[in-house]
Every structure is written in structure tokens, then in C-alpha cells.
Amino acid sequence: MNAVITAALPVFALILTGWLAARWRILGPAATDALNRYVVYLSLPALLFRAMTQVDLAHMAHWGFVGAFAGGIAVTFALSFLPRKRGPRGLTDRSIEGLAAAYANAGYMGIPLCLALFGAESLAPAAFTTLMTASVLFGFAIALIEFDRQQAPGLGATLVKVGRALMRNPLLAAPVLGLAWAGTGLALPEGLDRYVSLLGASASPCALVTIGLFLAQTETASPGPGVLRLVAGKLLLQPAVTALLAFQVFSMPPLWAWTAVLMSALPIGTGPFMLAQMYGRDARVTSRAILVSTVLSVLTVSLLVAWISAHPIS
């Protein structure tokens, strides 16, 4: 229970702070957009860059971790992507639904939660989950949508377009640059290290307040079966598959295994909603799924944090 109070509760309290700020009209939609851009383009990339410059490359290649987290994503995405009688039939809409079921709120909510529960040692695996979520999974969904949108699908042209989009994604570029710096074996200059440390320190609170602002501006109509299916896949199926793979199939340090499970149990991030809007699709299902999953995660994530705290990490 102490871990819930010290780690999970402050995270959800910051989300509530953002929600109240929006409801009381202290911060409006313009603030939501500005904070979102600040987190995505400045503070969170700084946090990820600095974290990856400090990792020991010789001791961080845990392919079992990649297999466990990616396996949970793949199973959840596939089950939501498959066509159903009452579900969307087009490739674009099914891709967005699959993304919504498997897209964890890794950068905004996962990294602050891991830092609070596990400490700085969890930044490396947490950054990997952010990479797999924000670049690999997101890029795969974009590739499927681009194939669907083109009259004459061309693999080469689509791959070039997706590659350019991913290269411009700061959440991908920053940790990759950090890994490249770590490969040199050099420490960051003291002034630069202090700069990215100060900038990155603002990522967690700003990201969590931004989630609250977004949720306060999301439609609150009662969720239908499609929304509940996405929420169940994200909060229950994905962490269950990841835990099975992390503890029964693959081998990795306990800290990495628990980080994989915790990150897979997070609510749905805003990526699917942004993708639906970008391609002019109906975003009501995804926005409601984000809202419902975030509210329910107060219970599910808190229970998981209590469970993790009762087991040895190191």
C-alpha cells in the first residue's frame, strides 16, 4: 500500500490537477496544445536523451525484454485488428483500433511512474518501451494506413514516407542520439548535462498535467462495446500476455521484467486519437477509450503497483 501512495498516487494526482485546471478554466485548449508540444518536442526528448547517454551498453541488450513487451503488443493489436461482423472493415479504421488497443501511454505516464516506483535504473527499459510504442508500433500502423490510402500501393514509397515521419519524431530521435553518444564512451560536458537535466526534469509533471487537460476536453458519452473491448485489451490482455512472456518464456533481470509488465498495463495513450484526426477518421471511439482506460487504470495500475512492491525487484 505504501508503494501505491508514494508512487502511483502522485501520478494520478497530477492528472487530476490538469483535469481540474481545465474544468475550472484555468487552462484551456490552447494550453493543452502548447504543453503537449513542449513535452513532445523539448522536455521528454531531453529526458530520454540523457537517460540513454548514461546506460551501460554492455549490460542493456536484454532481447527477452523486447520479446516480452513486443509480444504483448502483437497479440493485443492482432486481436483488435482482425475484422469482426460489427466492427470496422476498412484497413485504416482497423489499424487505428488495433493501435488503440495496444498503444500504452509510455512516455507521458509510464516514465514518471517507473521513476517513482523503480528509480533511475528503470529509465533504460522504460525508454525502450517508449521507442517500441511511439516508433515501431506507431510506424507499423501508419504503414498499414498508407497502404490503404494509396490507389497503387508501392512498398518502397510507403517505407520512405514512414521512415521520414519516424526520423522527425523526437521521441525516437532523442534516445537514438543518446545511445550513439553512449557508444563513444564519453561523458556529457557538465554544462550540457545540466541543461538537459533541467529540461528533462519538467517532462513528468507537464506530461501528466497535459493528460488531465486532454481528458477534461474529451467527450464523456457512455462507452459502447467497442470502447470496452479496447479498454479490456489494453488494461487486461496486454499486461497478462507480457507477464507470461516475461516470467515464463524469456530471461531477463527482475527489474526489466516488472518494467515490461507495468508499461504494458498503462492506459491508452493519445497516439491513436491523433492518428484518427490526422487521417480524418471518426475519433470518438478512441477518445472515449482513452478516457475510460485512464479512469479505470487508477484501480488496475494501483493494484499492480501494490503487487510489484510485494516482490523482489533486484
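Before going into details, it helps to say that this report is about the structure given with it. Model, not experiment: these values are computed from the prediction. (Residues numbered from 1 in each chain as written. Predicted model: local features only at pLDDT ≥ 70, side-chain atom pairs only at ≥ 80, totals over all residues. Heavy atoms only, no water.)

### Describing helix 5 (residues 106–118)
So, point 1. Here helix 5 contains 13 residues, and its C-alpha end-to-end distance of 15 Å is more than 12% below the 18 Å for a straight helix at 1.5 Å per residue.
So, point 2. Most of helix 5 sits inside the fold, with 11 of its 13 residues counted as buried.
So, point 3. Taken as a whole, helix 5 has its buried residues at Ala106, Gly107, Tyr108, Met109, Gly110, Ile111, Pro112, Leu113, Cys114, Leu117 and Phe118.
So, point 4. The first or second residue beyond helix 5 is Gly119, which carries a positive phi of 90°. (Helix = DSSP H or I, 4+ residues; strand = E, 2+ residues; numbered from the N terminus. Expected span 1.5 Å × (residues − 1). Buried < 20%, exposed > 50% of the residue type's maximum accessible area, 1.4 Å probe, protein only.)

### Considerations on the nonpolar core
So, point 1. Formed by 84 residues in total, the largest nonpolar core has its most connected members in Leu44, Leu99, Met109, Phe118, Leu262 and Leu275.
So, point 2. Beyond its immediate chain neighbours, meaning those up to four positions away, Leu99 contacts Phe77, Leu137, Phe138, Ala141, Gly271, Pro272 and Leu275.
So, point 3. Ala174, Leu188, Val196 and Leu199 belong to the second largest nonpolar core, which has 6 residues in total. (Core = buried A, V, L, I, M, F, W, Y, C linked by side-chain atoms within 4.5 Å. Contact = heavy atoms within 4.5 Å.)

### A look at the pattern of salt bridges
So, point 1. Per the stated rule, a full pass over the model turns up 2 salt bridges.
So, point 2. The partner of Asp193 in a salt bridge is Arg50, with the nearest N and O atoms 2.9 Å apart. Residue Asp193 is located in helix 9 (residues 190–201), and its partner Arg50 is located in helix 2 (residues 29–53); the two are separated by 143 residues in the primary sequence.
So, point 3. Note that Glu97 and Arg229 form a salt bridge whose closest N and O atoms lie 3.2 Å from each other. Here the residue Glu97 occupies a position in helix 4 (residues 91–102), and Arg229 occupies one in helix 11 (residues 225–249), the gap between them amounting to 132 residues.
So, point 4. With a relative accessible area of 11%, Glu97 lands in the buried category. (Salt bridge = Lys/Arg side-chain N within 4 Å of Asp/Glu carboxyl O.)

### Side note on the side chain of Gln238
So, point 1. Of note, Gln238 is situated in helix 11.
So, point 2. Discounting residues that sit within four places of it in the chain, Gln238 has contacts with Gly72, Ile73, Thr76, Ala101, Ala102, Gly233 and Ser264.

### With respect to the packing of aromatic side chains
So, point 1. For the structure shown, the criterion picks out 5 aromatic pairs.
So, point 2. Relative to Phe81, the ring of Phe77 has its centre 5.6 Å away and its plane inclined at 15°; by these criteria the two rings are stacked. Here the residue Phe77 and the residue Phe81 both occupy positions in helix 3 (residues 63–81), the gap between them amounting to 4 residues, near one helical turn. Each of the two residues, Phe77 as well as Phe81, counts as buried.
So, point 3. Members of the aromatic cluster, each reached through a chain of ring pairs, are Phe65, Phe128 and Trp256.
So, point 4. The side chain of Arg94 reaches across the aromatic face of Phe81, ending 4.5 Å from its centre. (Phe/Tyr/Trp six-rings, centres within 6.5 Å; stacked < 30°, edge-to-face > 60°. Lys NZ or Arg CZ within 6 Å of the ring centre and 35° of its normal.)

### Some words on the environment of Leu115
So, point 1. Within the secondary structure, Leu115 is located in helix 5.
So, point 2. Expressed as a C-alpha distance, the spacing of Leu115 and Ser204, which sit 89 residues apart in the sequence, is 9.4 Å.

### Observations concerning the packing of helix 2 against helix 9
So, point 1. Contact geometry of helix 2 with helix 9 gives a least axis separation of 8 Å together with a crossing angle of 130°. When the axis of helix 2 is compared with that of helix 9, the two are oblique. At the point where helix 2 passes helix 9, the crossing takes the left-handed sense. Only Asp193, Val196, Ser197, Leu199 and Gly200 of helix 9 make contact with helix 2, whose side of the interface consists of Tyr38, Leu42, Ser43, Ala46, Leu47, Phe49 and Arg50. (Axes fitted to C-alpha atoms, helices over the stretch in contact; angles between N-to-C directions. Parallel < 35°, antiparallel > 145°, perpendicular 65-115°, else oblique. Left-handed = near helix turned anticlockwise from the far one by under 90°.)

### Some remarks on the side chain of Asn105
So, point 1. Assignment of secondary structure puts Asn105 in the loop between helix 4 and helix 5.
So, point 2. What Asn105 contacts, discounting residues up to four positions off in sequence, is Gly110, Ile211, Leu266, Pro267, Ile268 and Gly269.

### Topic: a nonpolar patch on the surface
So, point 1. A cluster of nonpolar side chains, namely Trp24, Ile26 and Leu27, defines an oily patch on the protein surface of about 350 Å² accessible area.
So, point 2. Inspection of the secondary structure assignment puts Leu27 in the loop between helix 1 (2–23) and helix 2.
So, point 3. The exposure class of Leu27 is partly exposed, given its relative accessible area of 30%. (Patch = residues over 30% accessible without salt bridge, like charges linked within 9 Å, V, L, I, M, F, W, Y side chains within 5 Å. Areas by Shrake-Rupley, 256 points an atom, 1.4 Å probe, with all protein chains shown as cover.)

### Structural notes on the packing of helix 5 against helix 14 (residues 284–309)
So, point 1. Between helix 5 and helix 14, the least distance of the axes is 12 Å, while the angle of their chain directions is 30°. If you check the angle between helix 5 and helix 14, you find them roughly parallel. The crossing of helix 5 and helix 14 is right-handed. Where helix 5 approaches helix 14, its residues Met109, Leu113, Leu117 and Phe118 are matched on the opposing element by Ser297, Val301, Val305 and Ile308.
So, point 2. Broken down by class, the residue content of the contact of helix 5 with helix 14 amounts to 7 nonpolar, 1 polar and no charged. (Nonpolar A, V, L, I, M, F, W, Y, C, P; charged D, E, K, R; others polar.)

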